[in-house]
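Observations on chain architecture
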Amino acid sequence: MKNIEIEDDLYAYIASQTQHIGETASDILRRIVMPENGAPKPTLKTAVGLPKAPIGNVFTQVTTEQLLEYPKMVERFLKILSVLESIHGAQFDEVLTLSGRNRVYFAKDKDTLLQASSVTNPKQIGESEFWVMTNNNTAKKASLIKEVAEVLGYSSNDAQRLAVLFAPELYED
């Protein structure tokens, strides 16, 4: 057996393709890359180009327990955005349409956010090309998570669930 190193986003995609408990990454890759007769598909690009994980998979990749590992709200914010970006890939470009009256929330480079305002505190979203303004309070970050989810096609209930995962204390009765 050989070992390979893969990036986190690729591993998340592979894990999202699990069909039953106990299925190994090797089993999943074999199913994705090789047809029934065992011969490889023409290119790996074909397999990787398959639609991204279903929307519901975000809730298997972002749990309350995982988010509690991040004591700072900005870290939680970035974690959720990073998972959404890894699931949705090119569709994540839609977040670039989200902005305030005088604020740019997302960009594909740090300088764009800094030009919009010197107090944006831009942070890169995971290892993606996207940057986000992080100089918002917790309630605004929760609102942005909800808006991002809705732009990506989540129902308002699922978008709300993500916001509550991010900051449950905001939603306690």
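Here the residue numbers are simple positions, counted from 1 along each chain's written sequence. Totals for whole chains, interfaces and linings use all residues, but because this is a predicted model, local features are given only for residues with pLDDT of at least 70 and pairs of side-chain atoms are given and counted only at 80 or more. The side-chain values count all of the structure's non-hydrogen atoms but skip hydrogen atoms and water molecules.

What to know about the environment of V104
The topology assignment puts V104 in the loop between α6 (73-88) and β1 (106-107). To sort residues, take the accessible area from a 1.4 Å probe on protein chains only and compare it with the maximum for the residue type: under 20% means buried, over 50% means exposed, and anything in between is partly exposed. For V104, a relative accessible area of 28% gives the class partly exposed. Separated by twelve residues in sequence, V104 and A116 have C-alpha atoms that sit 6.4 Å apart. Contacts were defined at the residue level, with two residues in contact if any of their heavy atoms lie within 4.5 Å. When residues no more than four places from it in sequence are discounted, the contact partners of V104 are S99, L113, A116 and M133. The helix count covers DSSP runs of H or I at least four residues long, the strand count covers runs of E at least two residues long, and both are numbered beginning at the N terminus.

Points about the nonpolar core
For this analysis, a nonpolar core means a set of buried residues of the types Ala, Val, Leu, Ile, Met, Phe, Trp, Tyr and Cys, connected via side-chain atoms within 4.5 Å. Of all hydrophobic cores here, the largest spans 34 residues; its most connected members are V58, L84, F106, V148 and L162. Going through the elements one at a time, α4 (58-61), α6, β3 (131-133), α8 (138-151) and α9 (156-166) are the ones with two or more residues in this core. The biggest single contributor to this core is α6, with eight residues. With sequence-adjacent residues up to four places away left out, L162 is seen in contact with V58, F59, I80, L84, I145 and A149. Membership of the second largest hydrophobic core comes to five residues, among which are I14, I28, I32 and V33.

Some details on the packing of aromatic side chains
Aromatic ring pairs are defined here through the distance separating the ring centres and the angle between the ring planes. Only centres within 6.5 Å qualify two rings of Phe, Tyr or Trp (six-membered ring in Trp) as a pair; their planes then separate them into stacked at under 30 degrees, edge-to-face at over 60, and tilted for everything else. In total, this model carries two aromatic pairs according to the counting rule given. Taken together, a centroid distance of 4.9 Å and an interplanar angle of 75° make the contact between F92 and F130 edge-to-face. One end of the pair, F92, is in the loop between α6 and β1; the other, F130, is in the loop between β2 (122-124) and β3, and 38 residues separate them in sequence. Judged by its relative accessible area of 0%, F92 is buried. When its relative accessible area of 2% is taken as the criterion, F130 is described as buried. We count a charge as sitting over a ring when the NZ of a lysine or the CZ of an arginine lies within 6 Å of the ring centre and within 35 degrees of the ring normal. It is R161 that lies over the ring of F59; its NZ or CZ is 3.7 Å from the centre.

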